[in-house]
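Here are the chains, one letter per residue:
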Amino acid sequence: MTDEQDVKVYALSTCGHCKKAKALLNECNVSYDSVEVDLLDSEERQTVLEDVKALNPRCSFPTIRIGEKVIVGYKEDEIKEALGIS
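The structure contained in this document is the topic of the report that follows. (Residues numbered from 1 in each chain as written. Predicted model: local features only at pLDDT ≥ 70, side-chain atom pairs only at ≥ 80, totals over all residues. Heavy atoms only, no water.)

### Remarks on the pairing of strand E4 (residues 69-72)
And step 1. Two strands pair when backbone bridges link them, and strand E3 (residues 63-66) and E4 are joined in this way by four bridges, in the antiparallel orientation. Considered in E4, the bridge of arginine 65 is made with valine 70.
And step 2. Between the end of E3 and the start of E4, which pair antiparallel, lie two residues, with glycine 67 showing a positive phi angle near 60 degrees. (Pairing = 2+ DSSP bridges. Helix = DSSP H or I, 4+ residues; strand = E, 2+ residues; numbered from the N terminus.)

Shown next as C-alpha coordinates:
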(Lines give C-alpha, C1' and ligand atoms only; values in the text may rest on other atoms or scores of the structure.)
Protein backbone atom coordinates (compact mmCIF):
# COMPACT_ATOMS: atom_id res chain seq x y z
CA MET A 1 0.00 0.00 0.00
CA THR A 2 1.33 3.45 0.88
CA ASP A 3 4.57 2.18 2.45
CA GLU A 4 5.74 1.11 -1.00
CA GLN A 5 5.61 4.66 -2.35
CA ASP A 6 8.61 6.92 -2.05
CA VAL A 7 7.39 10.06 -0.26
CA LYS A 8 9.53 13.14 0.21
CA VAL A 9 8.48 16.45 1.77
CA TYR A 10 10.46 19.63 1.15
CA ALA A 11 9.43 22.02 3.91
CA LEU A 12 10.34 25.13 5.87
CA SER A 13 10.57 24.81 9.66
CA THR A 14 8.38 27.92 10.14
CA CYS A 15 5.69 27.06 7.57
CA GLY A 16 2.22 26.24 8.90
CA HIS A 17 1.17 24.48 5.67
CA CYS A 18 4.32 22.35 5.83
CA LYS A 19 3.49 21.33 9.40
CA LYS A 20 -0.08 20.44 8.39
CA ALA A 21 1.15 18.33 5.46
CA LYS A 22 3.55 16.39 7.71
CA ALA A 23 0.83 15.97 10.36
CA LEU A 24 -1.49 14.52 7.70
CA LEU A 25 1.18 12.03 6.59
CA ASN A 26 1.77 11.06 10.23
CA GLU A 27 -1.99 10.61 10.84
CA CYS A 28 -2.15 8.33 7.80
CA ASN A 29 0.89 6.34 9.05
CA VAL A 30 2.86 7.17 5.91
CA SER A 31 6.63 6.94 6.19
CA TYR A 32 8.35 9.83 4.43
CA ASP A 33 11.59 11.73 4.21
CA SER A 34 11.38 15.36 5.22
CA VAL A 35 13.88 18.09 4.48
CA GLU A 36 13.61 21.36 6.41
CA VAL A 37 15.24 23.46 3.70
CA ASP A 38 15.73 26.59 5.83
CA LEU A 39 17.73 24.62 8.43
CA LEU A 40 20.34 23.33 5.97
CA ASP A 41 23.75 24.95 5.63
CA SER A 42 24.09 27.20 2.59
CA GLU A 43 25.86 24.72 0.32
CA GLU A 44 23.45 21.88 1.08
CA ARG A 45 20.50 24.30 0.84
CA GLN A 46 21.52 25.31 -2.71
CA THR A 47 21.65 21.66 -3.79
CA VAL A 48 18.24 20.90 -2.28
CA LEU A 49 16.70 24.05 -3.75
CA GLU A 50 17.81 22.86 -7.21
CA ASP A 51 15.96 19.58 -6.52
CA VAL A 52 12.86 21.52 -5.43
CA LYS A 53 12.99 23.78 -8.53
CA ALA A 54 13.14 20.69 -10.75
CA LEU A 55 9.86 19.51 -9.19
CA ASN A 56 8.28 22.91 -8.62
CA PRO A 57 9.74 25.84 -10.63
CA ARG A 58 8.12 28.39 -8.28
CA CYS A 59 10.08 26.80 -5.41
CA SER A 60 7.24 27.19 -2.90
CA PHE A 61 6.58 25.07 0.16
CA PRO A 62 5.61 22.47 0.97
CA THR A 63 6.63 20.61 -2.16
CA ILE A 64 5.65 16.98 -1.75
CA ARG A 65 6.74 14.14 -4.04
CA ILE A 66 4.71 10.95 -3.80
CA GLY A 67 6.14 8.45 -6.25
CA GLU A 68 6.09 10.34 -9.56
CA LYS A 69 3.40 12.83 -8.48
CA VAL A 70 4.32 16.29 -7.19
CA ILE A 71 1.92 18.25 -4.99
CA VAL A 72 2.67 21.87 -4.18
CA GLY A 73 1.09 23.27 -1.04
CA TYR A 74 -1.14 21.64 1.53
CA LYS A 75 -3.85 19.96 -0.54
CA GLU A 76 -5.26 17.25 1.70
CA ASP A 77 -7.46 15.64 -0.97
CA GLU A 78 -4.65 15.50 -3.54
CA ILE A 79 -2.20 14.10 -0.99
CA LYS A 80 -4.64 11.38 0.07
CA GLU A 81 -5.50 10.56 -3.53
CA ALA A 82 -1.82 10.23 -4.47
CA LEU A 83 -1.34 7.90 -1.50
CA GLY A 84 -4.40 5.85 -2.38
CA ILE A 85 -6.20 6.83 0.83
CA SER A 86 -9.85 7.77 0.76
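Having put the structure on the table, let's press on.
### What about the side chain of asparagine 56?
And step 1. Here asparagine 56 shows up in the loop between helix H2 (42-55) and E3.
And step 2. Note on asparagine 56: relative accessible area 5%, which makes it buried.
And step 3. At 3.1 Å, the side chain of asparagine 56 forms a polar contact with the backbone oxygen of serine 60. (Buried < 20%, exposed > 50% of the residue type's maximum accessible area, 1.4 Å probe, protein only. Polar contact = N/O pair within 3.5 Å; in protein donor to acceptor, adjacent residues only side chain to side chain.)

### What to know about helix H3 (residues 76-83)
And step 1. The complete set of buried residues in H3 reads Ile79, Ala82 and Leu83. Looking down the long axis of H3, one finds its buried residues gathered within 100 degrees of arc, a one-sided arrangement. Counted as exposed and oriented over 90 degrees from the buried face of H3: Asp77 and Glu81.
And step 2. Those residues of H3 that are buried lie in contact with strand E1 (7-11), helix H1 (16-27), E3 and E4.
And step 3. Two residues or fewer after H3 comes glycine 84, characterised by a positive phi angle close to 75 degrees. (Arc of directions from axis to C-beta. Contact = heavy atoms within 4.5 Å.)

### Here we look at the sheet that holds E1
And step 1. Taking strand neighbours across the sheet as the criterion, the four strands line up as E2-E1-E3-E4 in an open arrangement whose pairing is mixed. Two strands bound the open sheet, and with one partner strand each, they are strand E2 (33-36) and E4. Ignoring which end each strand starts from, the neighbouring axes of this sheet average 15 degrees apart.
And step 2. Judged from the four bridges that link them, E1 and E3 form a sheet pairing that is antiparallel. Pairing of valine 9 across the sheet is with isoleucine 64, part of E3.
And step 3. In the packing of H1 onto the sheet, the strands contacted are E1, E2 and E3, and the crossing angle to E1 comes to about 160 degrees.
And step 4. Packing of H3 onto the sheet brings it into contact with E1, E3 and E4, and relative to E4 it is tilted by some 165 degrees. (Axes fitted to C-alpha atoms, helices over the stretch in contact; angles between N-to-C directions.)

### Examining unusual backbone geometry
And step 1. In the segment running from phenylalanine 61 into proline 62, the intervening peptide bond is cis, with an omega of -5 degrees.
And step 2. Structurally, the position occupied by proline 62 is in the loop between H2 and E3.
And step 3. Phi angles above zero are rare outside glycine, and asparagine 29 is one such case at about 55 degrees.
And step 4. Residue placement: asparagine 29 occurs in the loop between H1 and E2.

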